[in-house]
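The residues making up each chain are set out below.
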Amino acid sequence: MKTTPFPAPGPFPQRHGPETHCLPVDAGGPSGGLPAGERPVPLQRHRPPAGGAGPAFAAGGSAGLSHLLLSAGGGLPPHPRSQKYALRMLGFALISEWPFDWAFFSGVYWGHQNVYFTLLLGLLAMKALDTSQTPEGMPALKGILGAAACFLAAALLHCDYDVLGLALILALYMTRKDKRAQCIAGAVFSLFEPVAPLAFGLVWFYSGERGGSSKLEQWAFYWFYPAHIFVLGVLANLVLFR
């Protein structure tokens, strides 16, 4: 079976890496070749970094994502607690980055950042909209520009869930006074994760009142993310995909 050589760079952009393959000449039909003048179509195949958990574990966090972002979109802690909250988010974003890279990319990878960065930018966007408002209580231009800067940062940093995660946080924040609207908005804005909208069925039954929790439980919530990502890294790199 004859095959054509790899095409020269030009009309076929390589979006996901160097692996571009060509269909055989006789793949066009029983006649044994492509029509005259037509070039073979390259097959673009994404080549993930070697090893790593990748999508094998991604679906498991979809439902938990909604609740994690709901905690950020439910409202802002009063000042100056919001500053401490932001610094805590930044600290755990830095702590979580190496386990995140190891679990999903098998090593340090600057092209994707963990979800704590998304939550931090979401918090900053909410703060911008909350502190800069018109007399009618609507976000002022300064607040909108501040939130837009957070979206740009999320896109440039390639945070987990990217600008879609930020949009979900703000959707939950803007609808926080109406549970029905919040559940609908949450389900719609989380459609980028197939399982995530189902979580808002549970949110519907949430009373809106915060339950009691000890300091130990609060810190356990923060540490759960880097800890479980580290466990996924162990499974991906040392157990399952050696």
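Values in this document were obtained by computation on a predicted structure and should not be read as measured data. (Residues numbered from 1 in each chain as written. Predicted model: local features only at pLDDT ≥ 70, side-chain atom pairs only at ≥ 80, totals over all residues. Heavy atoms only, no water.)

**Concerning unusual backbone geometry**
Note on backbone geometry: most residues besides glycine have negative phi, and most peptide bonds are trans. The backbone of Ser-106 shows a phi angle near 60°, a positive value even though the residue is not glycine. Relative to the helices and strands, Ser-106 is located in the loop between helix 3 (81–105) and helix 4 (115–131). Residue class for Ser-106 comes out partly exposed when judged on its relative accessible area of 28%. Backbone geometry at His-158 places phi at a positive 55°, although glycine is not the residue there. Along the chain, His-158 turns up in the loop between helix 5 (141–157) and helix 6 (162–174). (Helix = DSSP H or I, 4+ residues; strand = E, 2+ residues; numbered from the N terminus. Buried < 20%, exposed > 50% of the residue type's maximum accessible area, 1.4 Å probe, protein only.)

**A short note on the packing of helix 5 against helix 6**
At their nearest, the axes of helix 5 and helix 6 sit 8 Å apart, and the two run at 145° to each other. Here Cys-150, Phe-151, Ala-154 and Ala-155 of helix 5 come into contact with helix 6, specifically with Asp-162, Val-163, Leu-166, Ala-167 and Leu-170. Looking at the contact of helix 5 with helix 6, its residues break down into eight nonpolar, no polar and one charged. (Axes fitted to C-alpha atoms, helices over the stretch in contact; angles between N-to-C directions. Contact = heavy atoms within 4.5 Å. Nonpolar A, V, L, I, M, F, W, Y, C, P; charged D, E, K, R; others polar.)

**Some remarks on the packing of helix 6 against helix 7 (residues 179–189)**
Contact geometry for helix 6 and helix 7: axes closest at 9 Å, N-to-C directions at 175°. Of the possible angle classes, the one that applies to helix 6 and helix 7 is roughly antiparallel. On helix 7, the residues that touch Leu-164, Ala-167, Leu-168, Ala-171 and Leu-172 of helix 6 are Gln-182, Ala-185, Gly-186 and Phe-189. Within the contact of helix 6 with helix 7, the residues separate by chemical class into seven nonpolar, two polar and no charged. (Parallel < 35°, antiparallel > 145°, perpendicular 65-115°, else oblique.)

**What to know about a nonpolar patch on the surface**
A contiguous nonpolar patch, built from Trp-98, Val-108, Trp-110, Phe-230, Val-231, Leu-235, Leu-238, Val-239 and Leu-240 and spanning about 940 Å² of accessible area, is present on the exposed surface. Top contributing element to the nonpolar patch by residue count: helix 9 (residues 215–240), with six residues. Tracing the backbone shows Phe-230 in helix 9. (Patch = residues over 30% accessible without salt bridge, like charges linked within 9 Å, V, L, I, M, F, W, Y side chains within 5 Å. Areas by Shrake-Rupley, 256 points an atom, 1.4 Å probe, with all protein chains shown as cover. Salt bridge = Lys/Arg side-chain N within 4 Å of Asp/Glu carboxyl O.)

**Remarks on helix 5**
For helix 5, built from 17 residues, the straight-helix expectation of 24 Å at 1.5 Å per residue is met to within 8% by its first-to-last C-alpha distance of 24 Å. Within helix 5 the residues assigned to the buried category are Gly-143, Ala-147, Cys-150 and Ala-154. Each buried residue of helix 5 sits inside an arc of 50° when the element is viewed along its axis, so together they form one side. Helix 5 presents Leu-141, Lys-142, Leu-145, Leu-152 and Leu-156 as exposed residues on the side facing more than 90 degrees away from its buried surface. Looking at the buried side of helix 5, the elements it contacts are helix 4 and helix 6. Within two residues after helix 5, His-158 carries a phi angle of roughly 55°, on the positive side. (Expected span 1.5 Å × (residues − 1). Arc of directions from axis to C-beta.)

The quantities given are spatial measurements derived from coordinates; they are silent on function.
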